[in-house]
Every structure is written in structure tokens, then in C-alpha cells.
Amino acid sequence: MHLYLRGNDFHFELENVSRLFLPLEKIYTHHEEIPDSIDGLTVECCSVNRGEHVALCCRVRLDGFDEALESTVPGSLETNPDDCELELCTLLYHLLVKLLGFTQGWGLITGVRPVKLLRRLTREMGPDAARTYFRDKLLVSDQKRILCETTLLAEDKLLALSQPKSFSLYVSIPFCPTRCDYCSFVSQTVVQAKKLIPTYVEQLCQEIAYTGRLAKELGLRLETVYFGGGTPTTLSAEQLTALFKAVEGAFDLSTLREYTVEAGRPDTVTPEKMAAIHAAGVGRVSINPQTLQPEVLAGIGRKHTVEQFYDAFDMARKAGFTNINTDLIAGLPGDDYEGFSRTIEGVLSLAPESITVHTLSMKRASNIMLQKRPDYGVEADAVRMVKLSAARLPEAGYAPYYLYRQSRTVGNQENVGWAKPGYEGLYNVYIMDETHTILGCGAGAVSKLKQPGTDYLERIFNYKFPYEYNTGLEEMLARKNAVPEFYHKYCEE
């Protein structure tokens with residue numbers, strides 16, 4: 001696709017709107033005159049100041065399709081750039097709908113956090129006006145708007161628990177037994193990185209201890225702890241216990257509201273590991289089948305069986321866990337609506353306390369994209385799968401409590417956390433809303449420092465890869481010194 005801009009430089013949002021419809025299309029942006037003839041999809045977006053208003057025009061051409069839409073915006077490009085950009089995006093949206101024959105449930109929303117956007121609009125203009133803006137200006141469907149509003153109400157109750165001195169701790173375990181084909185995370189397989197793990201655990205314990213000292217000196221209040229990855233249960237029970245003891249020794253856990261460990265791959269779960277996790281005071285685990293269709297599991301490189309998922313879930317229950325989450329993915333290659341429906345019913349038969357429904361994101365670094373073409377045949381089914389989950393899960397007693405979106409998702413759908421009342425995942429809400437500071441430890445972890453009462457954030461990045469992490473501890477601890485500097489600068493009363 002070629003995007004030609006004249007009189008403006010709104011390429012970022014115009015490209016994002018184009019990707020809603022053509023997620024894998026390579027976009028070439030130009031600022032010169034459009035050639036007389038050009039192959040492929042061509043979009044021309046023009047804006048001209050006309051005294052008291054701006055004249056806008058968008059033209060789309062592909063083979064025999066050649067149509068344009070025009071509009072005006074009061075003011076000038078200099079005084080009213082946001083409205084000009086939104087109006088050009090709207091013109092492009094309508095033309096792509098006409099060219100391709102389908103609309104988007106999320107309309108013009110291209111960002112990750114639609115709930116946060118709705119919250120801001122509600123605060124600025126009131127709930128009725130925000131609802132109208134979502135429908136008329138952002139072109140969001142009633143179904144997605146209602147989902148967003150329902151999630152907002154649930155989130156607000158959880159956000160109210162956070163205080164100005166609150167923070168959460170994220171511990172990264174970037175190892176997996178094998179790499180799933182849809183994954184693009186910087187994780188190492190055990191086969192590749194087994195020799196790195198002992199040193200990694202030792203270094204991580206030291207970083208946890210240092211981070212805990214900083215938090216205590218600043219008088220911060222720990223709300224949630226989240227062990228993620230990767231797959232934390234790739235580690236042995238003894239290695240997990242060492243990390244749990246490091247957290248207990250470094251942080252004041254008396255204010256802790258939630259302690260979560262991802263046991264994401266069922267083939268890494270053992271009774272010994274579940275017992276060690278439960279003994280450490282962890283209250284919430286996530287065991288993630290993604291699908292209960294054996295042929296789909298095999299097709300995406302998940303090296304476990306459906307039976308192993310059921311066994312892992314049973315191990316967690318027998319270990320004493322009363323708060324278990326399961327992750328599912330809609331739109332996986334080889335899956336269909338009927339298969340996803342069977343997966344939903346299979347998971348519901350276990351009555352987990354929460355179910356997170358993701359939509360497959362076609363990440364450029366994933367094996368699905370690198371080694372094979374994505375399965376476009378599942379796109380229409382993916383939309384139906386997400387609709388099914390939004391209808392079936394409330395029937396079973398679950399309500400949405402957090403929501404986010406990713407680029408290049410199949411069918412341009414969303415990811416939603418569904419939970420029974422009282423079992424909402426607090427960390428998920430806090431990280432997605434950017435409610436308070438998140439202190440990250442481990443390879444690939446990012447500490448996000450939040451100034452209370454504002455949207456201001458600063459980030460501290462750890463080394464991405466375990467081999468870098470194992471030799472770079474001093475550098476990462478030095479970076480952590482930015483934490484007290486930030487609080488002394490922005491958070492002192």
C-alpha cells in the first residue's frame with residue numbers, strides 16, 4: 001500500500017487505520033505528488049487551510065475502485081490538528097469499508113487501552129457525551145461500547161484500592177520448555193538455556209533483594225506480586241522456592257492483596273511445584289491450555305496434550321488453590337467456531353475462577369509469520385469466537401474486568417479477562433491502566449515509575465536476554481537507582 005500525504009504529516013494514525021483492515025500490508029508513506037500511474041492500493045490524503053476552515057480530502061484507488069470523500073474542519077491545521085487528523089482518518093475508514101466490504105467493531109480506535117480512553121472521556125465530558133463520542137466520532141459498535149463500559153465499572157472498583165504509595169512487583173522468568181508458534185516474547189527454551197538457569201536464579205534473587213531495599217526506604221506499599229515470563233514453572237520446585245524466599249525477605253508482604261504465578265504450560269506443572277507455590281503464600285495461578293483441540297495444539301507447537309492440561313488443573317486444586325485462571329486464544333490456525341465452542345465448554349466444566357480470552361495477534365517475529373502464511377480462513381470465525389465468549393461466559397457467572405487490544409489481531413478483536421465476582425486479577429488491571437508503579441526484576445522486565453495523580457511515567461529497562469542478564473547485574477542495579485531519584489523528584493509531599 002502507498003500512502004501519499006499532502007499538506008499534513010498524519011502518517012501515524014492513517015497507517016494505523018489502514019492496518020485495521022490490512023494488518024499485514026506493508027505501507028509506504030510519501031510526501032510528494034502522487035504519480036500518474038501506480039500499481040496496488042493507493043491512498044491520497046490532502047489538507048489545505050481555507051481561511052476559517054481546513055479542506056480535507058481522502059482518495060482510495062485499487063484496480064477499478066477509485067473514490068474520494070471530502071470534509072471540512074473549523075480553524076486551521078496549526079490551531080486544530082487533532083480534529084483534522086481524526087476527520088482524515090474517518091474519511092479513510094469509510095472508503096476502506098466501501099472497498100473491502102466490512103466494518104470494524106472498534107471503529108477508529110487503534111490504541112491498546114480503550115477502557116482508559118473511555119475513562120478519560122467520561123471524566124472530561126460526562127458519561128452520556130463520552131458514550132456519544134464513542135459511537136459517533138470513533139464509530140465504535142454498540143456491542144464493543146457496552147463491553148468497554150461494563151469493564152470500566154469493574155476496573156474502577158479495583159483501581160480505588162490503589163493508594164499514592166502503592167506499587168506492584170513483576171518477576172520475569174524468561175524460559176519455556178519450547179517456543180509456541182504464535183509467540184514473539186524474548187524467551188529461551190530449556191534446551192537452549194538450561195545451563196543459564198542456576199546463575200539466572202541467583203542473580204534474580206540479588207536483584208529482588210536490592211529492589212526490596214529501595215521500596216522499603218521509600219515507604220512504598222506492595223499491592224500485588226506477579227511471576228510471569230516465559231513460563232515460571234519451567235524452574236524446579238527448589239528454584240521457585242528460592243525466589244519466593246527472596247521476595248518474602250526483601251518486601252513487606254503485610255499489605256499484599258494478590259500473589260500470582262503463571263504456570264502457563266501444563267507440561268511444566270508437577271505436584272511438587274504446585275505444593276511449593278502454595279506453601280509460599282501464592283494465592284492465584286494461571287494454567288493455560290490456549291485450546292482444547294489436540295490438532296490445533298499440535299499445529300501451533302504446544303508440546304502438551306489436552307489431558308496434561310486437565311491433570312495440571314487437578315494438581316493445582318489438590319495443592320489447595322482456590323483461584324485459578326485459564327488463558328484461551330481465539331483465531332488460532334486450524335481452529336474453527338465449533339472447536340472453540342468445545343474448548344469453552346471444556347474449560348467451563350472445571351469452573352476456574354477466571355478465564356482470559358485472547359485473540360491471536362499475528363506478530364512479525366512469531367513462527368506463524370516467519371515460517372508459514374497466517375490462516376486467513378479463520379478470521380471470520382475469530383470474530384464469532386470472541387462473540388461467543390462474550391455471550392457464554394456471562395451466562396456461566398463471569399464478568400469482564402480488564403480489556404486490552406493488540407495490533408494485527410485476527411479480525412481486529414480484543415483480549416478480555418473474565419472473572420467470577422471477587423476473583424478479578426488485580427495486577428492485570430494495574431498494569432493495563434498504568435495505575436501505579438510496577439517494579440520489574442529479571443531479564444526483559446521493565447520498571448514503570450508512575451507519578452501519583454498524573455499520567456506521567458518513566459521506564460527503567462533490564463537487559464532482554466538471560467545471557468546478558470547473567471553478566472550485567474551491576475549495571476541493572478545501577479539503573480534501579482533511578483527509582484529513589486524519581487520518587488524524590490516527583491512524589492515527595
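The sections below set out a description of the structure shown in this document. (Residues numbered from 1 in each chain as written. Predicted model: local features only at pLDDT ≥ 70, side-chain atom pairs only at ≥ 80, totals over all residues. Heavy atoms only, no water.)

### Examining the packing of helix H3 (residues 114-125) against helix H4 (residues 127-136)
- At a minimum axis separation of 7 Å, H3 and H4 run at an interaxial angle of 130°. When the axis of H3 is compared with that of H4, the two are oblique. The two elements H3 and H4 meet at a crossing, and its hand is right-handed. Contacts between H3 and H4 involve Pro114, Leu117, Leu118, Leu121, Thr122 and Met125 from the former and Pro127, Ala129, Ala130, Tyr133 and Phe134 from the latter.
- Broken down by class, the residue content of the contact of H3 with H4 amounts to ten nonpolar, one polar and no charged. (Axes fitted to C-alpha atoms, helices over the stretch in contact; angles between N-to-C directions. Helix = DSSP H or I, 4+ residues; strand = E, 2+ residues; numbered from the N terminus. Parallel < 35°, antiparallel > 145°, perpendicular 65-115°, else oblique. Left-handed = near helix turned anticlockwise from the far one by under 90°. Contact = heavy atoms within 4.5 Å. Nonpolar A, V, L, I, M, F, W, Y, C, P; charged D, E, K, R; others polar.)

### Re the pairing of strand E3 (residues 42-50)
- Sheet analysis places strand E1 (residues 2-6) next to E3, joined by five bridges and oriented parallel. Among the inter-strand pairings, Leu5 is bridged to a residue of E3, identified as Cys45.
- Pairing of E3 with strand E4 (residues 53-62) involves nine bridges; the strand directions are antiparallel. Bridge pairing in E4 places Cys45 opposite Cys58. (Pairing = 2+ DSSP bridges.)

### Re the pairing of strand E15 (residues 415-419)
- Most of E15 is tucked away, with five of its five residues classed as buried.
- Here E15 shows two buried faces, one formed by Asn415, Gly417 and Ala419 and the other by Val416 and Trp418.
- Across four bridges, strand E13 (residues 354-359) lies against E15 in antiparallel orientation. Paired with Val357 across the strands is Val416, a residue of E15.
- Note: strand E14 (residues 399-404) against E15, five bridges, orientation antiparallel. Paired with Ala399 across the strands is Ala419, a residue of E15. (Buried < 20%, exposed > 50% of the residue type's maximum accessible area, 1.4 Å probe, protein only.)

### Brief notes about the packing of aromatic side chains
- Within the structure shown, the criterion is met by 20 aromatic pairs.
- Residues Phe167 and Phe251 carry aromatic rings whose centres are separated by 6.1 Å and whose planes lie at 40° to one another, so their mutual orientation is tilted. Here the residue Phe167 occupies a position in strand E6 (residues 166-173), and Phe251 occupies one in the loop between helix H8 (237-250) and strand E10 (258-262), the gap between them amounting to 84 residues. Side by side, Phe167 and Phe251 carry an identical accessibility label, which is buried.
- Plain terms: the ring middles of Phe465 and Tyr467 are 5.6 Å apart, the flat faces sit at 20° to each other, and that makes the pair stacked.
- Chaining the aromatic ring pairs together yields one cluster made of Tyr456, Phe486, Tyr487 and Tyr490. (Phe/Tyr/Trp six-rings, centres within 6.5 Å; stacked < 30°, edge-to-face > 60°.)

### A word on the environment of His53
- Residue placement: His53 occurs in strand E4.
- For the pair His53 and Cys84, spaced 31 residues apart in sequence, the C-alpha separation works out to 10.0 Å.

### Remarks on the side chain of Asp433
- Along the polypeptide, Asp433 turns up in helix H15 (residues 426-433).
- Note on Asp433: relative accessible area 11%, which makes it buried.
- Within the local environment of Asp433, its side chain forms a polar contact with the side chain of Thr435, the two groups lying 2.8 Å apart. (Polar contact = N/O pair within 3.5 Å; in protein donor to acceptor, adjacent residues only side chain to side chain.)

### Points about the pattern of salt bridges
- Counted under the stated rule, the structure contains 28 salt bridges.
- Taking the shortest distance from any N to any O, the salt bridge between Arg119 and Asp433 comes out at 2.8 Å. With Arg119 in helix H3 and Asp433 in helix H15, this residue pair connects regions lying 314 residues apart in the sequence. Each member of the pair, Arg119 as well as Asp433, is classed as buried.
- For the salt bridge of Arg317 with Glu353, the shortest nitrogen-to-oxygen distance reads 3.0 Å. Here Arg317, found in helix H11 (residues 306-319), pairs with Glu353, found in the loop between helix H12 (337-348) and E13; they are 36 residues apart in sequence, far enough to count as distant.
- On the basis of relative accessible area, Arg317 is assigned to the partly exposed category, the value being 28%.
- Take Glu353: its relative accessible area is 8%, and that puts it in the buried class. (Salt bridge = Lys/Arg side-chain N within 4 Å of Asp/Glu carboxyl O.)

### Observations concerning the environment of Tyr226
- Checked against the element boundaries, Tyr226 lands in strand E9 (residues 221-229).
- Judged by its relative accessible area of 8%, Tyr226 falls in the buried class.
- Setting aside chain neighbours within four positions, we find Tyr226 in contact with Leu169, Tyr170, Val171, Thr260, Glu262, Arg284, Tyr427 and Asn428.
- At a separation of 2.6 Å, a polar atom in the side chain of Tyr226 contacts the side chain of Glu262.

### Regarding the sheet that holds E3
- Spatial strand order, E2-E1-E3-E4-E5: five strands in an open sheet with mixed pairing. Either end of the sheet is taken by a strand with one partner, and the two such strands are strand E2 (28-30) and strand E5 (65-74). Averaged over all neighbouring strand pairs, the angle between strand axes comes to 15°, with direction disregarded.
- With three bridges connecting them, E1 and E2 associate as parallel partners. Looking across to E2, one finds that Leu3 is bridged to Thr29.
- Across the sheet, helix H2 (residues 81-100) is in contact with E3, E4 and E5; its angle to E4 comes to roughly 25°.

### What about the state of the cysteines?
- Scanning all chains against the criterion turns up zero disulfides.
- Counting only cysteine sulfurs, Cys57 is the nearest neighbor of Cys46, a cysteine outside any disulfide, at a range of 5.7 Å.
- A disulfide-free cysteine, Cys491 has its sulfur positioned 18 Å from the sulfur of Cys441, the nearest such atom. (Disulfide = S-S within 2.5 Å.)

### Considerations on the packing of helix H7 (residues 197-217) against H8
- Between H7 and H8, whose axes approach to 8 Å, the crossing angle comes to 15°. When the axis of H7 is compared with that of H8, the two are roughly parallel. Relative to H8, the crossing made by H7 is right-handed. Along the contact surface, H7 presents Ile197, Pro198, Val201, Leu204, Cys205, Ile208, Ala209, Gly212, Arg213 and Lys216, while H8 presents Gln239, Ala242, Leu243, Ala246, Val247, Gly249 and Ala250.
- Broken down by class, the residue content of the contact of H7 with H8 amounts to twelve nonpolar, three polar and two charged.

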